[in-house]
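Summary of structural features
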Amino acid sequence: MKEIREIAWKLLIGDGMEKDEENGMWFLQDCVADGDADAILMLAKCCALGLGTEYDAERAEALVSD
């Protein structure tokens, strides 16, 4: 999962590859679905920043408080 999560982040921010938020979010959601705690925190960060998804502070807070 770590490798997929890292690819997701690189796609989301365009680090070393072309920025592709849609695919980055797809990979990240896959990691979250597998219960990857680091991916859940990353998704919360994305929600808080509006990166790859719409800004959603409530969802970000819910992700880290569960």
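Read on for an overview of the structure. (Residues numbered from 1 in each chain as written. Predicted model: local features only at pLDDT ≥ 70, side-chain atom pairs only at ≥ 80, totals over all residues. Heavy atoms only, no water.)

Regarding the overall build of the chain
Across its full length, the chain holds 4 helices and 0 strands. Ordered by position from the N terminus, the helices and strands of the chain form the series α-α-α-α. In summary, the chain has a C-alpha radius of gyration of 11 Å against a globular reference of 11 Å for 66 residues, a match within 12%. Principal-axis analysis of the C-alpha atoms places the extent of the chain at approximately 30 × 25 × 15 Å. The buried share of the chain, reckoned over its 66 residues, is 29%. Carbon together with sulfur atoms contributes 49% to the accessible area of the chain, which is approximately 4300 Å² in total. Charged side chains in the chain number 6 positive and 16 negative. The centres of these two groups are separated by 7 Å. (Helix = DSSP H or I, 4+ residues; strand = E, 2+ residues; numbered from the N terminus. Rg over C-alpha atoms; globule rule 2.2 N^0.38 Å. Buried < 20%, exposed > 50% of the residue type's maximum accessible area, 1.4 Å probe, protein only. Areas by Shrake-Rupley, 256 points an atom, 1.4 Å probe, with all protein chains shown as cover. Lys, Arg positive; Asp, Glu negative; His and termini not counted. Charge placed at Lys NZ, Arg CZ, Asp CG, Glu CD.)

Comments concerning the packing of helix H3 (residues 37-49) against helix H4 (residues 57-65)
Two elements in contact, H3 and H4, have axes separated by 7 Å at closest approach and are oriented at 160°. The angle between H3 and H4 falls in the class roughly antiparallel. In the packing of H3 onto H4, the handedness of the crossing is left-handed. Contact residues: Ile40, Leu41, Leu43, Ala44, Cys47 and Ala48 in H3; Ala57, Arg59, Ala60, Leu63 and Val64 in H4. Broken down by class, the residue content of the contact of H3 with H4 amounts to 10 nonpolar, no polar and 1 charged. (Axes fitted to C-alpha atoms, helices over the stretch in contact; angles between N-to-C directions. Parallel < 35°, antiparallel > 145°, perpendicular 65-115°, else oblique. Left-handed = near helix turned anticlockwise from the far one by under 90°. Contact = heavy atoms within 4.5 Å. Nonpolar A, V, L, I, M, F, W, Y, C, P; charged D, E, K, R; others polar.)

Topic: the pattern of salt bridges
Counting across every chain of the model gives 4 salt bridges. A salt bridge links Lys19 to Glu21, with the nearest nitrogen and oxygen atoms 3.3 Å apart. Several salt bridges converge on common partners, so that one network encompasses Arg5, Asp36 and Asp38. (Salt bridge = Lys/Arg side-chain N within 4 Å of Asp/Glu carboxyl O.)

Comments concerning the packing of aromatic side chains
Counted under the stated rule, the structure contains 1 aromatic pair. Geometrically, the ring pair formed by Trp26 and Phe27 is edge-to-face, given 5.2 Å between the ring centres and 80° between the ring planes. (Phe/Tyr/Trp six-rings, centres within 6.5 Å; stacked < 30°, edge-to-face > 60°.)

Some remarks on the environment of Glu6
Locating Glu6 in the fold gives a position in helix H1 (residues 2-13). C-alpha separation for the pair Glu6 and Ala39, spaced 33 residues apart in sequence, amounts to 9.3 Å.

Any functional reading would require information that these geometric values do not contain.
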